[in-house]
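Below, each chain spelled out in residue letters.
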Amino acid sequence: EQIKKQIPFISGVTVSGGECSLYCEFVESLFKLCKEAGLNTMMDSNGSTPFAGKDDLLAVTDGVMLDIKAFNAVFLAKMGKLFEIRTVIVPGLFDIENTIIKAGELLRPYQSIHPVRYKLISYRPFGVREEYRIYESPSKEYMEQLEELAHNSGFIDVVTT
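Attention here is on the structure that accompanies the text. (Residues numbered from 1 in each chain as written. Predicted model: local features only at pLDDT ≥ 70, side-chain atom pairs only at ≥ 80, totals over all residues. Heavy atoms only, no water.)

1. Brief notes about helix H5 (residues 140-152)
Heads up, the condition is: Each helix is a run of H or I in the DSSP string that is no shorter than four residues. Each strand is a run of E no shorter than two, and both are numbered from the N terminus. Each residue after the first adds 1.5 Å to the expected span of a helix. Each residue is placed in one exposure class: buried if its accessible area under a 1.4 Å probe, protein chains only, is under 20% of its type's maximum, exposed if it is over 50%, and partly exposed if it falls in between. Taken from the helix axis, the directions to the C-beta atoms give the arc we talk about.
Over its 13 residues, H5 runs 18 Å from end to end, which matches the ideal 18 Å to within 8%, given 1.5 Å per residue. Inspection of H5 places Tyr142, Met143, Leu146, Leu149 and Ala150 among the buried residues, and these make up the whole buried set. The buried residues of H5 occupy an angular sector of 115° when projected down its axis, which confines them to one face. Exposed and oriented more than 90 degrees from the buried face of H5 are Lys140, Glu141, Gln145, Glu148 and Asn152.

2. Notes on the sheet that holds strand E1 (residues 12-15)
Threshold: Any two strands with at least two DSSP bridges between them are considered paired. The axes used here are C-alpha line fits, helices contributing only the stretch in contact, and every angle between their N-to-C directions lies in the interval 0 to 180 degrees. Residues count as neighbours in contact if any of their non-hydrogen atoms are within 4.5 Å of one another.
A sheet is described by the order of its strands in space; here 6 strands give the open sequence E1-E2-E3-E4-E5-E6, paired in parallel fashion. The open sheet has two edge strands with one neighbour each: E1 and strand E6 (158-160). On average, adjacent strands in this sheet sit at an angle of 20° to one another, irrespective of strand direction. Sheet topology note: the E1/strand E2 (residues 40-45) ladder contains 4 bridges and is parallel. Of the residues in E2, the one forming a bridge with Val15 is Met43. Running over the sheet, helix H4 (residues 96-107) touches strand E4 (82-89) and strand E5 (117-122) and is turned about 170° from E4. Each of E4, E5 and E6 is contacted by H5, which is oriented at about 160° to E5, the strand it contacts most.

3. Brief notes about a nonpolar patch on the surface
Basically, it comes down to this: In this scheme, patches are assembled from residues that exceed 30% relative accessible area and form no salt bridge. Like charges are connected within 9 Å, while nonpolar side chains (Val, Leu, Ile, Met, Phe, Trp, Tyr) are connected within 5 Å. For the area figures, the Shrake-Rupley method with a 1.4 Å probe applies, and any residue is considered shielded solely by the protein chains shown. Take a side-chain nitrogen of Lys or Arg and a carboxyl oxygen of Asp or Glu: if they are within 4 Å of each other, that pair is a salt bridge.
A grouping of Leu22, Tyr23 and Phe26 is seen on the molecular surface, where their side chains present a nonpolar patch of about 380 Å² in accessible area. Mapped onto the elements, Leu22 comes out in the loop between E1 and helix H1 (24-36).

4. Some details on H1
A rise of 1.5 Å per residue sets the reference length of H1, with its 13 residues, at 18 Å; its end C-alpha atoms lie 18 Å apart and thus fit the reference within 8%. Within H1, burial applies to Cys24, Val27, Glu28, Leu30, Phe31 and Cys34. All buried residues of H1 lie within an arc of 165° about the axis, which places them on one face of the element. Within H1, the exposed residues directed more than 90 degrees away from the buried face are Glu25, Phe26, Leu33 and Glu36. On its buried side, H1 packs onto E1, E2 and helix H2 (55-59). Gly38, located one to two residues past H1, shows a positive phi value of around 85°.

5. What about the environment of Ser139?
Heads up, the condition is: For the purposes of these results, a polar contact is taken to be a pair of N or O atoms within 3.5 Å, where, inside protein, one atom must be able to donate a hydrogen and its partner to accept one; residues adjacent in sequence count only when each atom of the pair is a side-chain atom.
One can find Ser139 in the loop between E5 and H5. In sequence terms Ser139 and Ser122 are 17 residues apart; their C-alpha atoms lie 8.5 Å from each other. A polar contact of 3.0 Å, which involves the side chain of Ser139, links it to the backbone nitrogen of Tyr142.

Listed below in structure tokens is the structure:
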């Protein structure tokens, strides 16, 4: 009923926070009601819970925004349900270029089914644990280089923030 009040202002509902896939039954029920109301449905997941065997949930889910560190990505891509993957760009913490290349290799076969957006997120040291404050934000130029690498790795829709 709360969501219905917002229908003039929204076209869909995204569930996230904590890990929404831990509450599959609730999300499935919510999404069924959303579909009845004509709304799109998305999940924002870290992929820690397998989606295999969750056919009823996926039937009412338009797409999943998935952290790439989870390997549910291939399963969801095969189903045409993988909307977006993300990588937080933290220079010096991990091999960023290799991550982008490997993500491209992993998802290239499915880009023709449904192109997957790749969101490259600039690390910002605000509000993070003290041990991660030693890292600096990436430069605009570096983010542009990574965007080009993502395009060259097979991603059509690349967003940098």
